[in-house]
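Observations on the model geometry
Listed here are the chains, written in short residue letters.
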Amino acid sequence: MLRKTNMAAARKHKRVAASQPGFLSLKSSTDISELNIGRKKRVNKNKKKNWNKFSDIQDVEEFLDDVRLQERATGGLIADKSDDSLFFLDIGESKKKESLPTGGEEEDKKKRKNKRPLKVDLILQANSHIPAPKDILAHQQPNAKKLRRKQEQAEQLAAKGVVPRRERLLELRRAAFAAGTPVREKTVPNNNPERAYYDLWGDQPAETADGFYLEQTKKKPVKRPEKLNERPSELPAIEVIAPGGSYNPDFFSHQELLREAHEVEVKKLKAEERLERQLAVNRQELATEETTFKEQIQGLLDEEEQDEGVADEMAGDEEDTGMVSSSQQEKKTERQRKKEKADKLKEQQRRTEREVTSKRQQLFQLRSIQLELKKREQRTRLRQSRRKALQLAQKTQPRRLGRLKFQNPDLDVQLSDELAGSLRRLKPEGSVLKDRFKSFQKRNMIEPRERAKFKRKYKLKYVEKRAFKAIT
């Protein structure tokens, strides 16, 4: 870094000295140029970056510029043009101009001046004789390759004598028309000038009764689904508190409100006790001294005793298998088979006789069957009424809309000694915002929610400062 600063300072001193009026250089610029004329700089032209930098292409550029100028001016090279296209014979003013009537020199000057184009128009005129480049996109067709392939295939089929399906159907239709067969008539367009005029953008109702047409032309509103007209809950938006919640309530109404609050607290206590009983440890399942001793000596017995027990079990299994194999080897005699076949026939006859008797008895049981049907109808009506009552009750109950279950808020109750005799001594309880929030949840308008818990990413670290230690 220090070397660079020294070099920069030296260059600065040289520039200041050269700018002085009495300063003379050792070698003039002419001498340096004369020395460099005969010397060529050695350049490695194998590298691409040196091609344009150390290559003299000025003559090539001038030639190409001349060719471009000739193409713009004459539409091609002048050497290739004929003499008639380059020169013309000047025979003086045209006869057409002489034959025109003149109304004076000043008028002729004005007319010639008016006919002369403006300089702006001359600048904007296209003076190039080169035709515009051909727009390839204008001549392209979508799916041109596919259409060309279809055309080639059709030509091949025509060479083989195969007629396409469209032409074959056209020939059949022409033959049917020539034979006099009835042809389906086309619908006549409504082009009668005396027909009624209908303004599409007017306020008059449309003549057609098509529902889709009316909906698309905004003449008929879209039908609102019936489900959107149903309320999510039959509960009122604002529930009035019981009379016992007043600032100066009646004695019996206040006692009734206290009873309701007491029942709510009793339910909470019972739920807590039930949870404690379910989580309590069963003393019968606790480990005793005997069970612990058995677990400790397990695996310490002799292997001979265990082998004897296993041998006894295997012997018992062999006896059972021997009895099963002996029973399987016994074959039934012909007498036994005939007896079994006769028993099956008798059982089938009994079943058929029972069916016949049951059908005969049903004729005498018409009254009992009618009574049974009436009882069934009564039971179905009772179930329907219960189901309807349950549905009506569910309309006033909050539904399960999320992962949390709705919990009724606590009743705002004041004890007998906390009642205020007047509004001046009344203490406000509860929150209007919380009541509205719970009302939305109870009427199934929003799902039950709970406050997000703040979870600390890092634990707090308590450190006693030096000043605090000094005081203690």
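Residues numbered from 1 in each chain as written. Predicted model: local features only at pLDDT ≥ 70, side-chain atom pairs only at ≥ 80, totals over all residues. Heavy atoms only, no water.

**Notes on the overall build of the protein chain**
For clarity, the cut-off: Under the scheme used here, helices are H or I runs from DSSP no shorter than 4 residues and strands are E runs no shorter than 2 residues, and both carry numbers assigned from the N terminus. Burial here depends on accessible area, computed with a 1.4 Å probe over protein chains only, as a share of the maximum for the residue type. Under 20% is buried, over 50% is exposed, and the range in between is partly exposed.
Across its full length, the protein chain holds 19 helices and zero strands. For the protein chain, the residues scored as buried account for 6% of the 472 residues in total.

**Side note on the pattern of salt bridges**
The criterion, for reference: Salt bridges are defined by distance alone: a side-chain nitrogen of Lys or Arg within 4 Å of a carboxyl oxygen of Asp or Glu.
The tally for this structure, following the rule as stated, stands at 16 salt bridges. Here Glu230 and Lys227 are joined by a salt bridge, their closest N and O atoms 3.7 Å apart. Of the residues examined, Glu230 reaches a relative accessible area of 52% and is grouped as exposed. Between Arg449 and Glu447 there is a salt bridge, with the nearest N and O atoms lying 3.2 Å from each other. By relative accessible area, which is 33% here, Glu447 ends up partly exposed. Members of the salt-bridge network, linked through shared partners, are Glu256, Arg259 and Glu263.

**Here's the deal with a positive patch on the surface**
Rules: Think of a patch as exposed residues, more than 30% relative accessible area, with no salt bridge, where like charges cluster within 9 Å and nonpolar side chains (Val, Leu, Ile, Met, Phe, Trp, Tyr) cluster within 5 Å. Reported accessibility uses the Shrake-Rupley method at a 1.4 Å probe radius. Residues are deemed covered only where the shown protein chains occlude them. When charges are counted, Lys and Arg are positive and Asp and Glu negative, with His and the chain ends excluded. A single reference atom marks each charge: NZ on Lys, CZ on Arg, CG on Asp, CD on Glu.
A contiguous patch of positive charge, built from Lys145, Lys146, Arg148, Arg149 and Lys150, is present on the exposed surface. Looking at the element boundaries, Lys150 is found in helix 9 (residues 144-160).

**Details of the side chain of Asn50**
Spelled out, the test is: Working rule for contacts: check all heavy atoms of both residues, and any pair within 4.5 Å makes them a contact.
In this structure, Asn50 sits in the loop between helix 2 (29-37) and helix 3 (58-74). If near-sequence neighbours (up to four positions away) are discounted, Asn50 is found in contact with Val43, Asn44 and Ser55.

**So, the side chain of His254**
Inspection of the secondary structure puts His254 in helix 13 (residues 251-279). Given the relative accessible area of 4%, His254 is considered buried. In contact with His254, other than residues within four places in its own chain, are Gly244, Pro249, Gln414, Leu415, Ser416 and Leu419.

**As for the confidence of the model for the protein chain**
As a reminder, the rule being used: Confidence of the prediction at every residue is given by pLDDT, a number between 0 and 100.
Overall, the prediction assigns the protein chain a mean pLDDT of 78, with 75% of residues at 70 or greater. Under a pLDDT of 50 for its full length, residues 1-7 has, in the predicted model, zero contacts with residues more than four places off or in other chains. Below a pLDDT of 50 lies the segment residues 16-35, which in the model reaches four contacts outside its immediate sequence neighbourhood of four places, other chains included.

**Overview of the packing of aromatic side chains**
Applied cut-off: In summary, the pairing rule links any two rings of Phe, Tyr or Trp, Trp by its six-membered ring, whose centres are within 6.5 Å, and it sorts them by plane angle into stacked for under 30 degrees, edge-to-face for over 60 and tilted for everything else.
Summed over the entire model, instances satisfying the criterion amount to one aromatic pair. Measuring from centroid to centroid gives 5.5 Å for Phe251 and Phe252, while their planes differ by 75°, and the two rings are edge-to-face. Under the relative-accessibility criterion, Phe251 is labelled exposed at 55%. A residue is classified by how much of its surface remains accessible, and Phe252, at 64% relative accessible area, is exposed.

**Regarding unusual backbone geometry**
Within the chain, Asn143 stands out as a residue other than glycine whose phi angle is a positive 60°. Take Asn143: it is sitting in the loop between helix 8 (136-139) and helix 9. Under the relative-accessibility criterion, Asn143 is labelled exposed at 56%. Phi angles above zero are rare outside glycine, and Asn444 is one such case at about 60°. Within the secondary structure, Asn444 is located in the loop between helix 18 (432-442) and helix 19 (466-471). When its relative accessible area of 8% is taken as the criterion, Asn444 is described as buried.

**Focus on a nonpolar patch on the surface**
Together, Ile57, Val60, Phe63 and Leu64 line one region of the surface with nonpolar side chains, adding up to about 360 Å² of accessible area. Counting through the fold element by element, Phe63 comes out in helix 3.

**Description of a negative patch on the surface**
On the surface, a cluster of negative charge is contributed by Asp412, Asp417, Glu418, Glu429 and Asp435. The topology assignment puts Asp417 in the loop between helix 17 (366-395) and helix 18.

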